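# Close look at the chain arrangement
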Amino acid sequence: MPARYKPRIDVPESSPVPDPSPIPAPSQIMDLIEAFRRSKVMFAAVSLGIFDLLERKPADAATLATKLRVEAEPLERLLDACVGLKLLRRNGGGYKNEPVASIYLCRNSERALTGYILYSNDVLFRLWSHLEDAVREGTPRWKQEFGIEGGIFDHFFRTEAAKQTFLQGMHGLGVLSSPKVVEAFDLSRFRRLADLGGATGHLAITACERYPGLRAVVFDLPQVIEAARAQASRSPAARRVEVMAGDFFRDELPEADLFAMSRILHDWSPDKIHKLLARIYQRLPAGGGILISEKLLREDKTGPSSAQLQSLNMLVCTEGKERTLVEYCRLLEAAGFRNVQGRITGSPLDAVLAIKP
């Protein structure tokens, strides 16, 4: 009888010494190299109006090309890239929107982010191309890219189309953030909110819808207030939301026991912030509050990445930056405020509340 086969495992006399410094995989770097390409695919598709057309009716590349007046073969590449990004899906021989595109990438959606996407495509994408110079010089890049002097809002309001794109962008982000901001603290003790630089009024409207005893005024530049009035008119709390034109650095502030600012302080230099906080403090009654919605950096500034990137965005766009809660505490306490509290909301903006003693 033949001997039974016995499997054998050869064990080397000595195990190999592990590499003390293994080479990391390049996947992280490759992902960052491609990141701007993914963004630009979405920007281009929104700019061309692809998602708007497909929301009306699924279509193939040739049909879309005719309607958009572009070449069919390059368009098909863009459409396929949108499929790869899970913004579109194949529909027989054509394409249709994924639900996420229907909600956020179509101009007529109540939750559209198209305004901010178009602003990112037409403005931010170009300003960020000069990030190295912004770091070297510590100044925004408007003159370098667009050849214009003046502040950030001079560019936003240079044409009616530019203004609408900017306002729609701020509104789309506000719809995501404001509900979380106004529920971060119990605001039921306040009776009148003044939303400074309130744009379309998303924060004031949301606050009034959540707190039935609250009235609000949206205070912003004359070019903006019609957008706020139109938005407020569609709210069930419309009768408790008014609109007032003014410049919060120069004009008398509205009467209120709670002032709110959403994406305002991160635009400005410390000197201008001190000036604005002093004006608010003087206008508030004792026990009044200030509600700030900004993206908070961790105290050691190791993240979150969204806040770090937004701080660089402020570098190329404005004279401001993002801050930690402790940094906001210092600004607020220097103006006289006390009992400063912060909340991470899980939305694009966090919340800070402080009280006038």
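Residues numbered from 1 in each chain as written. Predicted model: local features only at pLDDT ≥ 70, side-chain atom pairs only at ≥ 80, totals over all residues. Heavy atoms only, no water.

### Describing the sheet that holds strand β4 (residues 215-220)
- The strand order across the open sheet formed by 7 strands is β5-β4-β3-β6-β7-β11-β10, and the pairing between neighbours is mixed. Only two strands of the sheet have a single partner each, and these edge strands are β5 (241-245) and β10 (338-343). For this sheet, the mean angle separating the axes of adjacent strands, direction not counted, is 20°.
- Across 4 bridges, the pairing between β10 and strand β11 (residues 350-355) is antiparallel. Residue pairing in the sheet places R338 in a bridge with I355 of β11.
- Across the face of the sheet, helix α13 (residues 270-283) comes into contact with β3 (192-196), β6 (258-262) and β7 (289-294) while running at roughly 155° to β6.
- Where helix α15 (residues 325-334) meets the sheet, it contacts β7, β10 and β11, and its direction lies at approximately 150° from that of β10. (Pairing = 2+ DSSP bridges. Helix = DSSP H or I, 4+ residues; strand = E, 2+ residues; numbered from the N terminus. Axes fitted to C-alpha atoms, helices over the stretch in contact; angles between N-to-C directions. Contact = heavy atoms within 4.5 Å.)

### Considerations on the nonpolar core
- Counting residues in hydrophobic clusters, the biggest one holds 44 residues, and the most contacted among them are I50, F51, L79 and L88.
- For this core, the element with the most residues is helix α6 (residues 114-128), which contributes 7 residues.
- If we ignore the near neighbours within four places in the chain, the residues touching L79 are I50, A61, L64, L88 and Y95.
- Judged by nonpolar contacts, the second largest core, of 30 residues, contains F249, A256, C329 and A335. (Core = buried A, V, L, I, M, F, W, Y, C linked by side-chain atoms within 4.5 Å. Buried < 20%, exposed > 50% of the residue type's maximum accessible area, 1.4 Å probe, protein only.)

### What about the side chain of K356?
- The topology assignment puts K356 in the segment after β11.
- Although K356 is buried, it forms no salt bridge, and the closest oppositely charged side chain is E255 at an N-O distance of 12 Å.
- Sequence-distant contacts of K356, defined by excluding residues within four places in its chain, comprise Y281, Q282, L284, P285, A286, G287, G288 and F337. (Lys, Arg positive; Asp, Glu negative; His and termini not counted. Salt bridge = Lys/Arg side-chain N within 4 Å of Asp/Glu carboxyl O.)

### Some points on the environment of F166
- For F166, the position within the fold is in helix α10 (residues 160-182).
- Residues F166 and S120, spaced 46 residues apart in sequence, show a C-alpha to C-alpha distance of 9.7 Å.

### Topic: the packing of helix α1 (residues 27-48) against helix α4 (residues 72-84)
- It is at 10 Å that the axes of α1 and α4 come closest, and there the two elements cross at 120°. Put simply, α1 runs oblique to α4. Handedness of the crossing formed by α1 with α4: left-handed. Two secondary-structure elements touch here, α1 through V41, A44, A45 and L48 and α4 through L78, A81 and C82.
- The class makeup of the residues in the contact of α1 with α4 is 7 nonpolar, no polar and no charged. (Parallel < 35°, antiparallel > 145°, perpendicular 65-115°, else oblique. Left-handed = near helix turned anticlockwise from the far one by under 90°. Nonpolar A, V, L, I, M, F, W, Y, C, P; charged D, E, K, R; others polar.)

### As for the packing of aromatic side chains
- Under the definition given, this model contains 6 aromatic pairs.
- Ring geometry for F249 versus W268: centroids 5.1 Å apart, planes at 90°, classification edge-to-face. Of this pair, F249 sits in the loop between β5 and β6 while W268 sits in the loop between β6 and α13, placing them 19 residues apart in sequence.
- Residue W268 is classed as buried on the basis of its relative accessible area of 13%.
- Joined through ring pairs, the aromatic side chains of F248, F249 and W268 make up one cluster.
- Lying over the aromatic face of F125, K40 brings its terminal NZ or CZ to 5.0 Å of the ring centre. (Phe/Tyr/Trp six-rings, centres within 6.5 Å; stacked < 30°, edge-to-face > 60°. Lys NZ or Arg CZ within 6 Å of the ring centre and 35° of its normal.)

### A short note on a nonpolar patch on the surface
- Where nonpolar side chains cluster on the molecular surface, the patch consists of I29, M30, L32 and I33 and spans about 380 Å² of accessible area.
- Within the element layout of this structure, M30 appears in helix α1. (Patch = residues over 30% accessible without salt bridge, like charges linked within 9 Å, V, L, I, M, F, W, Y side chains within 5 Å. Areas by Shrake-Rupley, 256 points an atom, 1.4 Å probe, with all protein chains shown as cover.)

### Some words on the packing of α10 against helix α11 (residues 202-210)
- For the pair α10 and α11, the least separation of the axes is 8 Å and the interaxial angle reads 35°. For the pair α10 and α11, the sense of crossing is right-handed. The segment α10 lies against α11, with M170, H171, G174, S178, P179, V181 and V182 engaging H202, L203, T206, A207 and R210.
- Split by residue class, the contact of α10 with α11 holds 6 nonpolar, 5 polar and 1 charged.

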